[in-house]
Amino acid sequence: MGVYELNHTIKAWSPKPMVDAVHFFAYDELINEEVFKEHGLEYISKSSVSLSGWTRVFNKIPKDNGGQEGLGHANIEPTADTAGMMHGELYEMDEKFVVKLDEIFDHPNEYQRKVMRFNRHDFLMINGIVYVAKPDKIAKGLKPSKAMMKVFRKAKKLFPMLYFSRLMNTPTID
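Residues numbered from 1 in each chain as written. Predicted model: local features only at pLDDT ≥ 70, side-chain atom pairs only at ≥ 80, totals over all residues. Heavy atoms only, no water.

Some points on the pairing of strand β5 (residues 85-94)
Phase 1 of the analysis: Here β5 lies mainly inside the structure; eight of its ten residues are buried.
Phase 2 of the analysis: One ladder, built from six bridges, connects strand β1 (residues 21-26) with β5; its direction is antiparallel. Counted as the bridge partner of Phe-25 is Leu-90 from β5.
Phase 3 of the analysis: By the bridge criterion, eight bridges tie strand β2 (residues 45-52) to β5 in an arrangement that is antiparallel. Bridge assignment links Ser-52 to a residue of β5, and that residue is Met-85. (Buried < 20%, exposed > 50% of the residue type's maximum accessible area, 1.4 Å probe, protein only. Helix = DSSP H or I, 4+ residues; strand = E, 2+ residues; numbered from the N terminus. Pairing = 2+ DSSP bridges.)

The following block contains the structure:
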């Protein structure tokens with residue numbers, strides 16, 4: 001009786017390896033996808049979300065104001081009466097990018113990383129991380145630059161029309 005050798009390759013389907021994903025809420029320049037990618041960040045998916053009881057402000061004291069007195073970077077703070085909502089983008093991304101986000105926001109020196117609950121526009125509630133300026137890194141009376149507002153303008157399609165209109169009426173330092 002002879003011995004037969006079977007020589008073939010079995011190709012089995014295997015799914016892509018799952019990554020541990022986090023959700024990151026962008027409310028500043030990172031809301032603009034071009035800026036997001038310029039920072040070396042990548043996302044799996046993204047969706048427009050709102051955050052109830054919070055508002056976007058420009059009260060973050062910059063580490064370097066570039067000679068622009070009164071310049072304020074974007075930050076969020078709770079509304080006085082917990083009413084209202086603000087809009088932003090929730091990026092689903094590989095958790096390896098949290099280290100990069102910590103660098104961008106200089107966590108824990110300049111910003112605190114928090115977990116908050118966001119309302120996706122299909123009414124699904126999702127937890128995500130957000131960076132909020134530390135209390136000793138904010139000041140009253142600061143304003144964004146026109147260049148900063150231009151970045152928001154490029155992300156116009158992400159905002160409800162009335163919200164965008166109000167955002168574009170924010171006084172600037174220049």
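Still to come is the rest of the account.
Brief notes about helix α4 (residues 161-168)
Side chains of residues three or four places apart in an α-helix project in the same direction, reflecting 3.6 residues per turn.
Phase 1 of the analysis: Three or more residues of α4 are buried, namely Tyr-163, Phe-164 and Leu-167. Each buried residue of α4 lies within a common arc of 100 degrees when the element is viewed along its axis, so the set occupies one face. Opposite the packed face of α4, turned more than 90 degrees from it, sit the exposed residues Met-161, Leu-162 and Arg-166.
Phase 2 of the analysis: Each element contacted by the buried residues of α4 is listed here: β3 (54-60), β5 and α3 (146-153). (Arc of directions from axis to C-beta. Contact = heavy atoms within 4.5 Å.)

Quick notes on the confidence of the model for the protein
Phase 1 of the analysis: On average, the protein scores 88 in pLDDT, and the residues at 70 or more come to 89%.
Phase 2 of the analysis: Between the elements of the protein, mean pLDDT differs from a low of 90, seen in α4, to a high of 97, seen in helix α2 (residues 98-104).
Phase 3 of the analysis: Note on residues 1-14: pLDDT is under 50 here. Beyond four places in sequence and across chains, it has zero contacts. (pLDDT = per-residue confidence, 0-100.)

Some points on the packing of aromatic side chains
Phase 1 of the analysis: All told, the structure shown has 13 aromatic pairs when counted by the stated rule.
Phase 2 of the analysis: Considering the side-chain rings of Phe-105 and Tyr-131, the 4.4 Å spacing of their centres and the 5 degrees angle between planes classify their relative orientation as stacked. Note that Phe-105 is positioned in the loop between α2 and β6 (111-120) and Tyr-131 in strand β7 (residues 125-133), a separation of 26 residues in sequence. Considered together, Phe-105 and Tyr-131 belong to a single accessibility category, that of buried residues.
Phase 3 of the analysis: Here the aromatic cluster, defined as three or more aromatic residues joined through ring pairs, consists of Phe-24, Phe-36, Tyr-43, Tyr-91, Phe-105, Tyr-111 and Tyr-131. (Phe/Tyr/Trp six-rings, centres within 6.5 Å; stacked < 30°, edge-to-face > 60°.)

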